[in-house]
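Remarks on the overall topology
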Amino acid sequence: MQLPIYLDYSATTPVDPRVVDKMIPFLREQFGNPASRSHAFGWQAEKAVEDAREHVAALINADPRELIWTSGATEAINLALKGAAHFYKERGRHLVTVKTEHKATLDTMRELEREGFEVSYLDVASNGLLDLGQLEAALRPDTIVVSVMYVNNEIGVIQDIAAIGDLCRGRGIIFHVDAAQATGKLAIDLARLKVDLMSFSAHKTYGPKGVGALFVRRKPRVRLEAQMHGGGHERGLRSGTLPTHQIVGMGEAFRLAKTEMATELERIRMLRDRLRRGVAQMEEAYVNGDMQQRVAHNLNVSFNFVEGESLIMAIKDVAVSSGSACTSASLEPSYVLRALGRSDELAHSSIRFTVGRFTTEEEIDYTVDLVKRKVAKLRDMSPLWEMHKDGIDLASVQWAAH
Amino acid sequence: MAYSEKVIDHYENPRNVGSFDKGGSDIGTGMVGAPACGDVMKLQIKVNAQGVIEDARFKTYGCGSAIASSSLVTEWVKGKNLDQAMQLKNTQIAEELALPPVKIHCSILAEDAIKAAITDYRNKHGEQQPAEHVDQRAAA
């Protein structure tokens, strides 16, 4: 077992060695530009790109013609939201999303607000799930886009995308889904789901960083205003020379995900549950987010009376995150946990463990032991734990905040 | 977040973790910060008859830099009298621990904590507060 142990698979995943092997030839001998129509170098590259496109389409049961390659899920989300908002702005200027979305969605929505659009940010229940009644109540005649993520990156909860799709389709509202954390973790069937736009990332599913895709439905047809101009690649929706090696990587990663998902999920669920059982024994430890409607990889726990960053420092042999990677630079507690209604103490005290393809039982057992010991040590140093043990209700204390 | 060696040292081997009896007449207690901010420090001093701090204890809920800042303060105030300890500046703490800008507030909180502890002690003994008074104390 090698230290440090990696348990931050939701932040990124190692590229599967089999994926790397597929990519390398396209950096060496097969370096052609897929847009070069006049020679074999180009044709070879184009074939590789189209094969990859088929692999991605197969995982999500979509038509390959409905996929646009991008530089990642962030770009796909930008293209989807800005592209649809701008194209359909004569129909209306109202968009709806959820407070627990990834920053790629929230920041893009902020930008659209700056441009003059109106955005509603919906609350979630304490288990992290969106209430459909609340969503319906938020929809207006001038609503043009709804955006809800499939799987939340911090707490791993799964939203009812099928039901939301039905709701939006019935009103002719474009429905976008950020599926970056969903591929390889649950079955996605775009022939059944009434989703108009869906964003994908390669590096969350054992592919390389720097490549992703946007699903754009053909029937009924969804139109977008392009955000990148210069050559008209990808049906005019996303200009720029296609990075063949990256795309081949994403294709192979998604192909493996399709063939291996069923067996892999069983193993991963077993490992995650082993971790949960080990940690759930501890006093004042709270799991964040619904346990049923949740992907098998994720365990997000708050250890009351211990601050998250000090705990991460304490368990430095294990790579995890407190909240999400995208917010780790700021001093704020996780906005996702706050949206669940968690107190500030619990939001500051959370650790996200995400297991993956290469996690072992030994690593889980080591982690459980380490977490127990370090939480105990930090609680010995914590004035809040002391007050709790003395029977003081912390909610009643008047703090002298700085 | 890369921590300096000194911060890591104070975290791995904290000095003077623990509590004195708050009610003791020779004890001063300062509690500053708030769980909402992710930082709470409790700092206590034991003062002898000559007005010299002979021992100190701390408990901190906060990041590694906060723990190190409060641990360092308990080391520094031992052997000082109350006026000397009151002179402690957060900049000294920040420099000693090589705190990055985003963690300077931890050193400020530690300065507040020791001042609150001294003020608490002085209040118990009905002493005159010095001209610069600290109003950052938690009501229990």
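Here, every reference points to the structure presented above.
Going along each chain's sequence as written, the residues are numbered from 1 onward. Here the convention is simple: chains get letters from A, ligands get numbers from 1, in the order in which they are written. In view of the model being predicted, local features appear only for residues whose pLDDT reaches at least 70, and side-chain atom pairs are presented and counted only at 80 or more, with totals across whole chains, interfaces and linings using the full set of residues.

1. A few points about the overall build of chain B
- By the criteria applied, helices consist of DSSP H or I runs no shorter than four residues and strands consist of E runs no shorter than two, each listed in order from the N terminus. Check the secondary structure of chain B and you find five helices and three strands.
- Beginning at the N terminus, the succession of helices and strands in chain B can be written as α-β-β-β-α-α-α-α.
- Put plainly, a residue is buried at 20 or more neighbouring C-beta atoms within 10 Å of its own, exposed at 12 or fewer, and partly exposed in between, counting only other residues' C-beta atoms, which are placed from the backbone. Taking all 140 residues of chain B together, the buried fraction comes to 49%.
- Sequence separation of at least 24 residues holds for 61% of the intrachain contacts in chain B that already meet a minimum separation of 6. Two residues qualify as a contact pair if the distance between their C-beta atoms, derived from the backbone, is within 7 Å.

2. Concerning the overall build of chain A
- A count of helical and extended segments in chain A gives 12 helices and 12 strands.
- Only C-alpha atoms enter the radius of gyration; for comparison, a globular chain is expected to reach 2.2 Å times N to the power 0.38, where N is the number of residues. Its C-alpha radius of gyration of 22 Å places chain A within 12% of the 21 Å reference for a compact globule of 402 residues.
- Expressed along its principal axes, the backbone C-alpha trace of chain A runs to roughly 75 × 55 × 35 Å.
- Within chain A, the fraction of its 402 residues that count as buried is 51%.
- A fraction of 74% describes how many contacts in chain A between residues 6 or more apart in sequence connect residues 24 or more apart.

3. Concerning the sheet that holds strand β3 (residues 53-61) of chain B
All names here are of chain B.
- Two strands qualify as a pair provided that DSSP identifies no fewer than 2 bridges between them. The sheet built from three strands is open, its strands ordered β1-β2-β3 with antiparallel pairing. Only two strands of the sheet have a single neighbouring strand rather than two, namely β1 (27-34) and β3. The average undirected angle you get between the axes of adjacent strands in this sheet is 10°.
- Here eight bridges tie β1 to strand β2 (residues 39-47), and the two strands are oriented antiparallel to one another. Looking across to β2, one finds that Gly28 is bridged to Ile45.
- Only C-alpha atoms enter the line fits that serve as axes; for helices the fit covers just the stretch in contact. Angles between N-to-C directions range over 0 to 180 degrees. Lying on the sheet, helix α2 (residues 64-77) is in contact with β2 and β3; it crosses β3 at an angle near 175°.
- Taken strand by strand, helix α5 (residues 104-124) contacts β1 and β2, and its axis lies near 145° from that of β1.

4. Notes on the nonpolar core
- Ranked by size, the top nonpolar core spans 87 residues in total, and within it Leu197 and Phe215 of chain A carry the most contacts.
- Once residues within four sequence positions are removed from consideration, Phe215 of chain A is found in contact with Ile60, Ala62, Glu66, Leu67, Leu190, Leu197 and Met198 of chain A.
- Note on terminology: a nonpolar core is any set of buried Ala, Val, Leu, Ile, Met, Phe, Trp, Tyr and Cys residues joined through C-beta atoms within 7 Å. In terms of nonpolar packing, the next biggest core, distinct from the first, is built from 65 residues, Val306 and Phe353 of chain A together with Leu43 and Ala113 of chain B among them.

5. As for the pairing of strand β6 (residues 174-178) of chain A
All names here are of chain A.
- In terms of burial, β6 is a largely internal element, five of the five residues being buried.
- Residues of β6 alternate between two faces, with Ile174, His176 and Asp178 on one and Phe175 and Val177 on the opposite face, all of them buried.
- As paired strands, strand β5 (residues 143-149) and β6 are joined by five bridges and run parallel to one another. Directly across from Val145, in β6, lies its bridge partner Ile174.
- Orient the strands so they point away from the viewer, and a crossover whose first-strand-to-second-strand path over the helix runs clockwise is right-handed. The β-α-β motif built from β5, the intervening helix α6 (residues 161-170) and the parallel element β6 has right-handed crossover chirality.

6. Description of the interface of chain A and chain B
- The interface of chain A with chain B comprises 22 residues on the first partner and 29 residues on the second.
- Elements with a minimum of two residues in the side of chain A that touches chain B: α8 (308-314), α10 (344-348) and α12 (383-389) of chain A.
- We call Asp, Glu, Lys and Arg charged. Ala, Val, Leu, Ile, Met, Phe, Trp, Tyr, Cys and Pro are nonpolar, and the rest, Gly among them, are polar. Classifying every residue of the side of chain A that touches chain B by side-chain character gives 11 nonpolar, five polar and six charged.

7. Some points on the packing of α2 of chain B against helix α4 (residues 90-97) of chain B
All names here are of chain B.
- In the contact formed by α2 and α4, the axes pass within 10 Å of each other and the chain directions differ by 115°. Compared by their axis directions, α2 and α4 come out roughly perpendicular. Every pair of crossing elements has a handedness; the one defined by α2 and α4 is right-handed. On α4, the residues that touch Ser65, Ala68, Ser69, Leu72 and Val73 of α2 are Ile93, Glu96 and Leu97.
- Taken together, the residues that form the contact of α2 with α4 break down as five nonpolar, two polar and one charged. Convention used here: angles under 35 degrees read as roughly parallel, angles over 145 as roughly antiparallel, angles from 65 to 115 as roughly perpendicular, and any remaining angle as oblique. Left-handed describes a crossing whose near helix is turned anticlockwise from the far helix by less than a right angle; the clockwise case is right-handed.

8. Things to note about α2 of chain B
Residue and element names in this part refer to chain B.
- With 14 residues, α2 should cover 20 Å at 1.5 Å per step; its first-to-last C-alpha distance of 20 Å lies within 8% of that length.
- Most of α2 sits out of view: 12 of its 14 residues are buried.
- All of the buried residues in α2 are Gly64, Ser65, Ala66, Ile67, Ala68, Ser69, Ser70, Ser71, Leu72, Val73, Thr74 and Val77.
- Two residues or fewer after α2 comes Gly79, characterised by a positive phi angle close to 90°. Residue count minus one, scaled by 1.5 Å, sets the expected span of a helix.

9. Some thoughts on helix α2 (residues 40-60) of chain A
Residue and element names in this part refer to chain A.
- Over its 21 residues, α2 runs 31 Å from end to end, which matches the ideal 30 Å to within 8%, given 1.5 Å per residue.
- All buried positions along α2 are accounted for by Ala45, Ala48, Val49, Ala52, Arg53, His55, Val56, Ala57, Leu59 and Ile60.
- In the core, the buried residues of α2 are packed alongside β2 (67-70), β8 (212-216) and α7 (244-280).
- Two residues or fewer after α2 comes Asn61, characterised by a positive phi angle close to 55°.

Everything listed is a geometric property; what it means functionally is a separate question.
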